[in-house]
Amino acid sequence: MSLSQDEILRYSRHLIMPEVGVEGQEKLKAAKVLLIGSGGLGSPAALYLAAAGIGTIGLVDFDRVDFSNLQRQIIHSTKSVGRPKVESAKERLAEINPNVKVVTYDEMLTKDNIMRILKDYDILLDGTDNFQTRYLVNDACVFTKKPFVYGSIFRFDGQATVFYPGRGPCYRCLFAEPPPPGMVPSCAEGGVLGILPGVIGVIQATEVVKLIIGKGEPLIGRLMLYDALKMTLREVKFRRNPKCPVCGDNPSIKELIDYDAFCGLARGQEEKSNGAKMIPEISAKELKAMMDKKEKFILVDVREPNEFQINRIPGAKLIPLGNIPERVHELDSADNIVVNCHFGGRSAKAVEFLQKMGFKKVKNLAGGIDAWSQDVDPSCPRY
Ligand code: ZN
């Protein structure tokens, strides 16, 4: 794929580098890279990959741009709030480099569509924030022998590595089992420094470019650990596991599986209402009605103190989830108790714990304080 005069000028700082040159730039132009997620990691990666002259960039994301994304998802702008992320991202990329062909997939990546989408690309860049998609992407890449560049972020910590089937270990060699659902907080629950995905997404984009031009030492079998608070970058080496169920010597997984089930995620209401997992719930509107009727009950907020500073439901008593066991004596099992958190996940765990401790009159606020803001009190800020 030869370069036009415009492209020669545009990429001149690449062309004069011996590691890239005309040959490398032509490889970039011929390359097809699929970015999974147009969020925190996908934003900086897409911006730099488009600027660098990747010929075809695929964007997969089913989400819409939300105000709470703008703190870190720098490909989107305030005026794009509410629009599909892939559309907003595509527009921005066209502004940066009209030579890039951007293909959008406004859908959730699943085992039913991944092979159809994947087949047109050479390299994947994983910018997802959930385990089921990571295992799905990993297995699909192992089956099709395509490399995927992994990144993950939480608060001040980030990681990145390259999984290259046939040349090194896979995601399952590194993380054989997903963590139990709810054990690892997401960025939506625990927060993330807005700049952090910029650092990790750019490391991922760098690895993509290196793989395409075939220069340097790719991050295969090396996990980079970045700590923004200490400002350190560490490297942990890891190997292919001969017993890996997907890339090992005798693989037991030979086709895509049900990744929601694998990651222990309940699907639909019928599983949610199964046996011991039954958590009594109350809606935000029902809670408001109880308050209006001056019913006697205790409202326990199990979020963290810094979240409690952002917003709170009037009368709530703060006991962070992690402190419930040691402070359970502050609650009386004779009282009616309602527990709330941000979205209802942590409070469901608190209700489960209290039930085990013998509390019978305890309910979870469905949807958490976010539902309260939406359904009862719009003056209560959302975050
Ligand atoms: Zn493996």
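Refer to the structure printed above.
Summary of the structure given here. Since this is a predicted model, take the numbers as computed values, not measurements.

1. Regarding the coordination of the zinc ion
Reasoning step 1: Coordination of the zinc ion by the protein comes from Cys170 (SG), Cys173 (SG), Cys244 (SG) and Cys247 (SG), over a distance range of 2.2 to 2.3 Å.
Reasoning step 2: One can describe the site at the zinc ion as tetrahedral: its four donor atoms subtend angles covering 94 to 118° at the metal.
Reasoning step 3: The sequence pattern describing where the donors of the zinc ion fall on their chain is C-x2-C-x70-C-x2-C. With a gap of 71 residues between them, Cys173 in helix H8 (residues 171-174) and Cys244 in the loop between strand S8 (232-237) and helix H11 (259-262) connect regions that are remote in the sequence. Of the two residues examined, Cys173 and Cys244, each falls in the buried class.

2. Remarks on the sheet that holds strand S13 (residues 362-365)
Reasoning step 1: On the basis of which strands lie adjacent, the open sheet formed by five strands has the order S9-S13-S12-S10-S11 and parallel pairing. Each end of this open sheet is capped by a strand with a single partner; those strands are strand S9 (281-282) and strand S11 (317-318).
Reasoning step 2: Inspection of the sheet shows S9 paired to S13 by two bridges, in the parallel sense. When the sheet's bridge partners are listed, Glu281 is paired in S13 with Asn364.
Reasoning step 3: Along the sheet, helix H16 (residues 345-356) makes contact with strand S12 (337-340) and S13, crossing S13 at roughly 175°.

3. Description of unusual backbone geometry
Reasoning step 1: Notably, Lys145 is not glycine yet its phi reads approximately 60°, a positive angle.
Reasoning step 2: By the element assignment, Lys145 lies in the loop between helix H7 (131-144) and strand S5 (148-154).
Reasoning step 3: Given a relative accessible area of 58%, Lys145 falls into the exposed group.
Reasoning step 4: With phi around 55°, Lys294 is a residue other than glycine that occupies positive phi space.
Reasoning step 5: Relative to the helices and strands, Lys294 is located in the loop between helix H13 (284-292) and strand S10 (298-301).

4. Structural notes on the nonpolar core
Soluble globular proteins tend to bury their nonpolar side chains together.
Reasoning step 1: Among the nonpolar cores identified, the biggest contains 41 residues, and Leu35, Leu49, Ile57, Leu59, Leu93, Val208 and Ile212 are the most heavily contacted of them.
Reasoning step 2: The dominant element in this core, judged by the number of residues it contributes, is helix H10 (residues 196-213), at eight residues.
Reasoning step 3: Within the second largest apolar cluster, 25 residues are counted, among which are Val60, Tyr121, Leu124 and Ala140.

5. Digging into the layout of surface pockets
Reasoning step 1: Counted as a void, the second largest pocket has a volume near 270 Å³.
Reasoning step 2: Lining the second largest pocket are 15 residues, with His14, Ala52, Ala205, Thr206 and Val209 positioned closest to its centre.
Reasoning step 3: Listing elements by their share of the lining of the second largest pocket, those giving two or more residues are helix H4 (42-52) and H10.
Reasoning step 4: With six residues, the top contributor of residues to the lining of the second largest pocket is H10.
Reasoning step 5: Split into classes, the residues belonging to the lining of the second largest pocket amount to 11 nonpolar, two polar and two charged.

6. Some points on the pairing of strand S6 (residues 157-163)
Reasoning step 1: Summarising burial for S6: five of the seven residues are buried, a large majority.
Reasoning step 2: Two successive antiparallel strands, S5 and S6, enclose a turn made up of two residues, where Arg155 displays a positive phi of approximately 55°.
Reasoning step 3: Pairing of S6 with strand S7 (residues 222-227) involves four bridges; the strand directions are antiparallel. If you follow Ala160 over to S7, its bridge partner there is Met224.

Rules used in this analysis
Residues numbered from 1 in each chain as written. Predicted model: local features only at pLDDT ≥ 70, side-chain atom pairs only at ≥ 80, totals over all residues. Heavy atoms only, no water. Donors = N, O, S within 2.8 Å, 3.2 Å for Na, K, Ca; no water. Tetrahedral: all angles 85-135°; square planar, octahedral: opposite > 155°, others 65-115°. Helix = DSSP H or I, 4+ residues; strand = E, 2+ residues; numbered from the N terminus. Buried < 20%, exposed > 50% of the residue type's maximum accessible area, 1.4 Å probe, protein only. Pairing = 2+ DSSP bridges. Contact = heavy atoms within 4.5 Å. Axes fitted to C-alpha atoms, helices over the stretch in contact; angles between N-to-C directions. Core = buried A, V, L, I, M, F, W, Y, C linked by side-chain atoms within 4.5 Å. 1 Å grid on protein atoms, 1.4 Å probe; cavity = no way out; pocket = protein on both sides within 12 Å on 5 of 7 lines; lining within 4 Å. Points joined across faces, edges and corners; volume = space filled by probe spheres on them. Nonpolar A, V, L, I, M, F, W, Y, C, P; charged D, E, K, R; others polar.

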